[in-house]
Amino acid sequence: MLLTNNSSGLIIDKNQLAEVFISGCKTTQSIGVESEKLIVYKNNLKAITYEDAVRILNSFDENKWQRIYEDNNLIALKSDIGTITLEPGSQIELSLAPFGSLEEITSNLMEFYSNLVLYSDKIGAKVLDSGMQPVSTFNDIKIIPKKRYEYMTKYLPTKGLTPFVMMRETAGIQANFDYKSEEDAIRKLSLSLKMSPIISAIYANSPIRNSKLTGYKSFRANSWLNVDEERCGFISQKLFEKNTNFSFADYIEILLDVPMIFIQRGSTCFGTNQTFKEFMQNGYLGMNAILSDWQNHISLYFPDVRLKSYVEIRNHDAQNPLMTFSVPAFWKGIMYNSDAMEEIEKILAKYEYQDFMQLRKDSPIMGINAKIGNMEIIDLIKEFFDISYASLRENKKQEEKYLDPVYEYISLKRVPADNLIEEHN
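## With respect to the overall build of the protein
Then, in step 1: Of the regular secondary structure elements, the protein holds 16 helices and 18 strands.
Then, in step 2: A compact globule built from 425 residues would reach a C-alpha radius of gyration of about 22 Å, and the protein, at 21 Å, matches this within 12%.
Then, in step 3: If you line up the protein on its principal axes, its C-alpha atoms span 60 × 50 × 40 Å.
Then, in step 4: Looking at the 425 residues of the protein, the share that counts as buried comes to 60%.
Then, in step 5: Surface summary for the protein: the accessible area is close to 17,900 Å², and the carbon and sulfur share equals 47%.
Then, in step 6: When the 47 basic and 56 acidic side-chain charges of the protein are each reduced to a single mean position, those positions are 3 Å apart.

## Comments concerning the pairing of strand 12 (residues 262–265)
Then, in step 1: Judged from the four bridges that link them, strand 12 and strand 13 (residues 268–271) form a sheet pairing that is antiparallel. Looking at the pairing, Gln264 lines up with Cys269 of strand 13.
Then, in step 2: The hairpin turn running from strand 12 into strand 13, its antiparallel successor, is two residues long, and Gly266 in that turn takes a positive phi close to 65 degrees.

## Overview of the environment of Val135
Then, in step 1: With respect to the secondary-structure elements, Val135 resides in the loop between strand 7 (125–127) and helix 4 (147–155).
Then, in step 2: Sequence spacing of Val135 and Val40 is 95 residues, and the spatial spacing of their C-alpha atoms is 9.1 Å.
Then, in step 3: When near neighbours in sequence (up to four residues on either side) are disregarded, Val135 contacts Asn44, Leu45, Lys46, Asn210 and Ser211.

## Quick notes on a negative patch on the surface
Then, in step 1: A surface patch of negative charge is lined by Asp339, Glu343, Glu376, Asp379, Glu383 and Glu394.
Then, in step 2: Elements represented by at least two residues in the negative patch include exactly helix 12 (338–348) and helix 14 (377–394).
Then, in step 3: It is helix 14 that provides the largest number of residues to the negative patch, a total of three residues.
Then, in step 4: Tracing the sequence through the fold places Glu343 in helix 12.

## A short note on the packing of helix 6 (residues 182–202) against helix 8 (residues 248–256)
Then, in step 1: Two elements in contact, helix 6 and helix 8, have axes separated by 10 Å at closest approach and are oriented at 60 degrees. By the angle between their directions, the pair helix 6 and helix 8 is classed as oblique. When helix 6 is examined against helix 8, the residues Glu182, Ala185, Ile186 and Leu189 are found in contact with a partner set consisting of Phe248, Ala249 and Tyr251.

## Some details on the confidence of the model for the protein
Then, in step 1: Here the protein shows a mean pLDDT of 96. Residues at 70 or above account for 98%.
Then, in step 2: Taken together, the stretch residues 1–7 has pLDDT below 50 and engages in 14 contacts with residues farther than four places along the chain or on a different chain.

## Regarding helix 15 (residues 404–412)
Then, in step 1: Within helix 15 the residues assigned to the buried category are Pro405, Val406, Tyr407, Tyr409 and Ile410.
Then, in step 2: Contacts from the buried residues of helix 15 go to helix 6, helix 11 (321–335), helix 14 and helix 16 (416–424).
Then, in step 3: Lys413 sits one or two residues past helix 15 and shows a positive phi near 55 degrees.

## What to know about the packing of aromatic side chains
Aromatic ring pairs are defined here through the distance separating the ring centres and the angle between the ring planes.
Then, in step 1: Taken as a whole and judged by the stated rule, the model has 24 aromatic pairs.
Then, in step 2: Where Phe21 meets Phe248, the ring centres are 5.7 Å apart and the plane angle is 35 degrees; that geometry is what we call tilted. With Phe21 in helix 1 (residues 19–22) and Phe248 in helix 8, this pair connects stretches of sequence that are 227 residues apart.
Then, in step 3: Residue classification places Phe248 among the buried residues on the basis of a relative accessible area of 2%.
Then, in step 4: On the numbers, 4.8 Å between centres and 50 degrees between planes, the contact of Phe234 with Phe240 is tilted.
Then, in step 5: A relative accessible area of 4% means that Phe234 is categorised as buried.
Then, in step 6: Through a chain of ring-to-ring contacts, three or more aromatic side chains come together here, namely Phe21, Tyr179, Phe248, Tyr251 and Tyr301.
Then, in step 7: Over the face of the ring belonging to Tyr151 we find Lys154, whose NZ or CZ atom lies 4.9 Å from the ring centre.
Then, in step 8: Against the face of Phe234 rests Arg360, its NZ or CZ located 5.6 Å from the ring centre.

## Comments concerning the sheet that holds strand 4 (residues 73–79)
Then, in step 1: Taking strand neighbours across the sheet as the criterion, the eight strands line up as 3-4-5-6-1-8-16-15 in an open arrangement whose pairing is antiparallel. Looking at the sheet topology across the chains shown, the edges are occupied by strand 3 (66–70) and strand 15 (305–307). On average, adjacent strands in this sheet sit at an angle of 20 degrees to one another, irrespective of strand direction.
Then, in step 2: Against the sheet, helix 6 touches strand 15 and strand 16 (311–317), its axis set at about 0 degrees to strand 16.

## Considering the side chain of Ser35
Then, in step 1: On the secondary structure map, Ser35 appears in strand 1 (residues 31–37).
Then, in step 2: Of the residues examined, Ser35 reaches a relative accessible area of 1% and is grouped as buried.
Then, in step 3: Looking at Ser35, its side chain comes within polar contact range of the side chain of Tyr113, at 2.6 Å.
Then, in step 4: When sequence neighbours within four positions are dropped, the list of residues in contact with Ser35 reads Ile92, Glu93, Leu94, Leu109, Phe112, Tyr113, Gly172 and Thr324.

## A few points about the nonpolar core
Where a protein is soluble and globular, its nonpolar side chains tend to be buried together.
Then, in step 1: By size, the foremost hydrophobic cluster in this structure holds 129 residues, and its most contacted members are Phe21, Trp294 and Phe385.
Then, in step 2: When residues of this core are assigned to their parent elements, the largest contribution, ten residues, is made by helix 6.
Then, in step 3: Once residues within four sequence positions are removed from consideration, Phe385 is found in contact with Ile199, Ile202, Tyr203, Phe330, Leu403, Val406, Tyr407 and Ile410.
Then, in step 4: In this structure, Val40, Leu128, Ala171 and Ala318 belong to the second largest nonpolar core, which totals five residues.

How each quantity is defined
Residues numbered from 1 in each chain as written. Predicted model: local features only at pLDDT ≥ 70, side-chain atom pairs only at ≥ 80, totals over all residues. Heavy atoms only, no water. Helix = DSSP H or I, 4+ residues; strand = E, 2+ residues; numbered from the N terminus. Rg over C-alpha atoms; globule rule 2.2 N^0.38 Å. Buried < 20%, exposed > 50% of the residue type's maximum accessible area, 1.4 Å probe, protein only. Areas by Shrake-Rupley, 256 points an atom, 1.4 Å probe, with all protein chains shown as cover. Lys, Arg positive; Asp, Glu negative; His and termini not counted. Charge placed at Lys NZ, Arg CZ, Asp CG, Glu CD. Pairing = 2+ DSSP bridges. Contact = heavy atoms within 4.5 Å. Patch = residues over 30% accessible without salt bridge, like charges linked within 9 Å, V, L, I, M, F, W, Y side chains within 5 Å. Salt bridge = Lys/Arg side-chain N within 4 Å of Asp/Glu carboxyl O. Axes fitted to C-alpha atoms, helices over the stretch in contact; angles between N-to-C directions. Parallel < 35°, antiparallel > 145°, perpendicular 65-115°, else oblique. pLDDT = per-residue confidence, 0-100. Phe/Tyr/Trp six-rings, centres within 6.5 Å; stacked < 30°, edge-to-face > 60°. Lys NZ or Arg CZ within 6 Å of the ring centre and 35° of its normal. Polar contact = N/O pair within 3.5 Å; in protein donor to acceptor, adjacent residues only side chain to side chain. Core = buried A, V, L, I, M, F, W, Y, C linked by side-chain atoms within 4.5 Å.

What follows is the structure, given as structure tokens:
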């Protein structure tokens, strides 16, 4: 596909839209991790305020972490290892820069967690290892002062029932992986989408909301089902076909037909629900589409697995540190081993798109007790982790050890949510 040299950033033709994905094609095998954490007050387990979240951020070493502001409000910290951001409901998230080894990832995550626990303790708060606020609901949690979230707050309730739950009450883990070509990107996207409702089941860790059991193993995953079907979910049925001919161009066409939420120029935002295609054709309030608009639009598309200049696997509840480390480890064993991918592709080949759609609904409620077709997914999970374990072991870096905490749950046929349910009872 032709790349267009355009220093102004103005989008002249659709070929430019593929540049973000083509630029992702690389020979490296790095891993990015995004780990979001809920902070609550020790005395009542209610969500901390934005003001106290800022106090926690300001405790991080200012010589190491640069402060990022929007309209004089602290919203993030930035350093060589990544970015610490405040999410909509004052969740605190570390987005690590890409690293080549799991040891580097776990070391940086552990330092972040240790500091977060220490700085939270100073304000009478503690860090949760679960994916859902246990007491506070979105009515009790103010959105942080960031324009992006202000416009999402206006737009998303017109599309679904639970966007405020997703934005303000939940926390998750994401793992990001490189791709070497368009074919490799689509293969990784297709396979991880199929696996997503299966793997998210073993990481189910959000059964309690508003001080009550919800009846779900992952109420966080359930909340994503009712946000905005145009920008969430499985992207395209074509990705579930046996020999998919999906391409970057197909992904772009889907994104072009997704309504925008806002357009940003400098520090000013303009709300709009026109599609990106309409914006390219007609402009808006005298503004023409530029490449930063496209980048922003891509970041406001929320499927279970997302394509950027890397593949972003998104659907895991927040966990304790050891379970968190297992997320990038598991996916590394699959995504960076073609033979491992092929094994799982063969296992999943007998299932149809509707099987995965049904599982996406059942998995948040039933966890590992859900079925795909007539198969209990706990059996698939064991098979997939065995494949990943063998793959990691081939590298002779002892990275397979990071999967041990998950094997404990698999052997007991339990998930982290079961511990929270027992504690609650």
